[in-house]
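Secondary and tertiary structure notes
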Amino acid sequence: MTENVQYIYSIQHGVALGYLIAWYLWLISLAEGTHIVAHLSWLYYRTEDYRPLEKVGTFQPFIILALVPLFLVVDLGHPERFYTMFYNWHWTSPVAYGVYIITLCMISYAIHSYYLFRPELIHRARQEGPLQGLYRLTVFNQVETGDIREIRKRQERRERLWAGVSLLFSFFGLIYLGILLSSFKGRVMWHSSVMVFIFFSFGACSGSAFLILLTHFKNALIHTPPKALAEQQRYLAEFGIILKYALVAQAGVFFVYFVLLQYTGIGGRLASQVFFTGPRAFQFWFFQVAIGLILPFVLMLYKKMRENVVVSCIAAVAAMVGTLFGCVNIFIGGQLLPMTSFRWEHLEPEPVKMTFGIITMVLMFVLFLVTYKILPYENIEVQEGMTS
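Residues numbered from 1 in each chain as written. Predicted model: local features only at pLDDT ≥ 70, side-chain atom pairs only at ≥ 80, totals over all residues. Heavy atoms only, no water.

1. Structural notes on the overall build of the chain
Put simply, the rule is: Strands here are runs of E lasting at least two residues and helices are runs of H or I lasting at least four, both read from the DSSP assignment and numbered beginning at the N terminus. Any two residues having at least one pair of non-hydrogen atoms within 4.5 Å are treated as being in contact. Every accessible area reported is derived by Shrake-Rupley at a probe size of 1.4 Å, with residue values counting cover from the shown protein chains alone.
Scanning the chain from terminus to terminus reveals 15 helices and 0 strands. Here the contacts in the chain between residues at least 6 apart in sequence split such that 78% fall between residues at least 24 apart. Carbon together with sulfur atoms contributes 68% to the accessible area of the chain, which is approximately 19,000 Å² in total.

Have a look at this one:
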């Protein structure tokens, strides 16, 4: 006599993707958001005094995206094979699209940065000095005639073309992040139409905060001409307004996100529990809500507080910490939901990987200061006027 025998296996899914990938997602949103905020602000101001901040908001995202692949390479089991993503095309995989979108973002940022710096580089290439050969190399030994304004006017159409292309790819980058997570149908927390808007809110908050922090950090360590410093302080105070409303938008997007989770069945309600009372509750309420939303909003509420350098820097750091933990909470929390059991999945602390992310951020600031010493971020006309 034969009988059907049913075997039930206990499969442990665990957390397959850890903190390095969460850092990867957050840094991309930081780079794209910084460029979007900087360029849209240029379209609003359209003054030469704002030009140094546009250079910062274009070249620094290029540096970030150049370092971001380190997180993927370190996380891969075989990091020496990372280049295969460029020629092994899988059109059904969102990651395959991301490889090309991020690469095209880097290329467009580099070309846009080149045209932003080019008039001042040509001016430096004409002057005798230890770096004259380097400046001539950066402009391909094409030293044009005319002053800086004339050179910028001649190349204005090309500069604005690449500004538009880079802005377009920045939007594509944030859309890619949202689609990347929402394509995982088995993860209730990720499979949401709101995910794209969440990354847009992360980009707006972290981008405006990063511009505020980076510029104040630069002004504290490196001498900036007084006139340029006064103008930049005014723009940074207005970036505080952008940050304030971006925080409100982020809170609104998460409110909609949690409401939708309540109508996604038991899985959606369990996903909300991960944030409210579950394994990511402390990180959500303390780091994401209290430090990342409430604190910077209160600090950026009034004009005098936005004009205070220390207060605005604290608000910027708090907002960046909040978006980082927001990204980590969604990415890690989405993997803590039990799929074949009734227990939360477990993730061992990864202090080495978190430290790697912090060290990378420090390296980004160092690279920015090094490039600031070499590249003409500030308007040369301002500098000459102050020295004459």
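Now that the structure has been shown, the text picks up again.
2. Details of the pattern of salt bridges
Side-chain pairs of opposite charge can arise where the charged atoms are in close proximity. The condition is simple: The working definition used for a salt bridge is a side-chain nitrogen of Lys or Arg within 4 Å of a carboxyl oxygen of Asp or Glu. Any residue under 20% of the maximum accessible area for its type is buried, any over 50% is exposed, and the rest in between are partly exposed; the area is computed with a 1.4 Å probe on protein chains only.
Per the stated rule, a full pass over the model turns up 13 salt bridges. Of the charged contacts, one joins Glu120 and Lys55 as a salt bridge, the two residues approaching to 3.4 Å between their closest N and O atoms. Here Glu120, found in helix 4 (residues 94-126), pairs with Lys55, found in helix 2 (residues 51-67); they are 65 residues apart in sequence, far enough to count as distant. Comparing Glu120 with Lys55, the two get one shared label, buried. Put simply, Arg154 and Glu144 hold a salt bridge, and the shortest N to O gap is 3.0 Å. Of the two residues, Arg154 sits in helix 6 (residues 148-154) while Glu144 sits in the loop between helix 5 (132-138) and helix 6, which places them 10 residues apart along the sequence.

3. With respect to the environment of Leu177
Note that Leu177 resides in helix 7 (residues 156-182). In the structure, Leu177 is positioned 82 residues away from Val95 in sequence and 9.4 Å away in space, judged by C-alpha atoms. Those residues in contact with Leu177 that sit more than four places away from it in its chain are Leu25, Ile28, Ser29 and Phe199.

4. Here's the deal with the packing of aromatic side chains
So the rule is basically this: Working definition: rings of Phe, Tyr and Trp (its six-membered ring) pair if their centres are within 6.5 Å, and the pair is stacked with planes under 30 degrees apart, edge-to-face with planes over 60 apart, and tilted otherwise.
All told, the structure shown has 38 aromatic pairs when counted by the stated rule. Centre to centre, the rings of Phe258 and Phe284 are 5.7 Å apart; their planes meet at 85 degrees, and the pair counts as edge-to-face. Residue Phe258 is found in helix 9 (residues 226-262), and its partner Phe284 is found in helix 11 (residues 281-299); the two are separated by 26 residues along the sequence. Residue Phe258 shares its accessibility class with Phe284, and that shared class is buried. Centroid distance Phe286 to Phe287: 4.9 Å. Interplanar angle 85 degrees. Geometry classified as edge-to-face. Members of the aromatic cluster, joined through ring pairs, are Phe199, Phe202, Phe254, Tyr257, Phe258, Phe275, Phe276, Phe284 and Trp285.

5. Describing unusual backbone geometry
Here the phi dihedral of Phe140 falls at roughly 55 degrees; this positive angle occurs in a residue that is not glycine. Looking at the secondary structure, you find Phe140 in the loop between helix 5 and helix 6. Of note, Asn141 is a non-glycine position whose phi angle comes to about 60 degrees, a positive value.

6. As for the packing of helix 1 (residues 19-45) against helix 7
Put simply, the test is: Working convention: axes come from line fits to C-alpha atoms, limited for helices to the stretch in contact. Angles between N-to-C directions cover 0 to 180 degrees. Should the near helix be turned anticlockwise from the far one by less than a right angle, the crossing is termed left-handed; should it be turned clockwise, right-handed. Three classes are used: nonpolar for Ala, Val, Leu, Ile, Met, Phe, Trp, Tyr, Cys and Pro, charged for Asp, Glu, Lys and Arg, and polar for all others, with Gly counted as polar.
Running from amino to carboxyl end, helix 1 crosses helix 7 at an angle of 145 degrees, the nearest separation of the two axes being 9 Å. At the point where helix 1 passes helix 7, the crossing takes the left-handed sense. Here the contact of helix 1 with helix 7 is composed, by residue class, of 15 nonpolar, 6 polar and 2 charged.

7. A word on the packing of helix 1 against helix 2
Worth spelling out the cut-off: Oblique is the label for any angle not under 35 degrees, not over 145, and not in the 65 to 115 range, which are roughly parallel, roughly antiparallel and roughly perpendicular in turn.
Put simply, helix 1 and helix 2 touch, their axes get as near as 9 Å, and they point 160 degrees apart. Between helix 1 and helix 2, the angle falls in the class roughly antiparallel. The crossing of helix 1 and helix 2 is left-handed. The residues of helix 2 that touch helix 1, namely those facing Leu27, Ile28, Leu30, Ala31, Glu32, Thr34, His35, Ala38, His39 and Trp42, are Arg51, Leu53, Glu54, Gly57, Thr58, Pro61, Ile64 and Leu65. Tallied by class, residues from the contact of helix 1 with helix 2 come to 10 nonpolar, 5 polar and 3 charged.

8. Structural notes on the nonpolar core
Soluble globular proteins: nonpolar side chains tend toward being buried together. Here is the rule we go by: Definition of nonpolar core: a set of buried residues of the types Ala, Val, Leu, Ile, Met, Phe, Trp, Tyr and Cys, connected through side-chain atoms within 4.5 Å.
Within the largest apolar cluster, 103 residues are counted, with the highest numbers of intra-cluster contacts made by Leu25, Trp26, Leu27, Ile198, Tyr257 and Met361. With residues near it in sequence (within four places) discarded, Ile198 still touches Val253, Phe254, Tyr257 and Ile330.

9. Topic: the confidence of the model for the chain
Atom-level detail of predicted coordinates should not be read off regions where pLDDT is low. As a reminder of what qualifies: For every residue, the predictor assigns a confidence score, pLDDT, that lies between 0 and 100.
Residues with a pLDDT of 70 or more make up 89% of the chain, whose mean pLDDT is 86. When mean pLDDT is compared element by element in the chain, helix 11 scores highest at 96, while helix 15 (residues 380-387) scores lowest at 46. Between residues 7-11, whose pLDDT stays under 50, and residues either more than four places distant or in other chains, the model counts 1 contact.

10. Overview of helix 1
Our working rule: To estimate how far a helix should reach, multiply one less than its number of residues by 1.5 Å.
Across its 27 residues, helix 1 extends 38 Å between first and last C-alpha, which sits within 8% of the 39 Å expected from 1.5 Å per residue. Helix 1 sits mainly inside the fold: 24 of its 27 residues count as buried.

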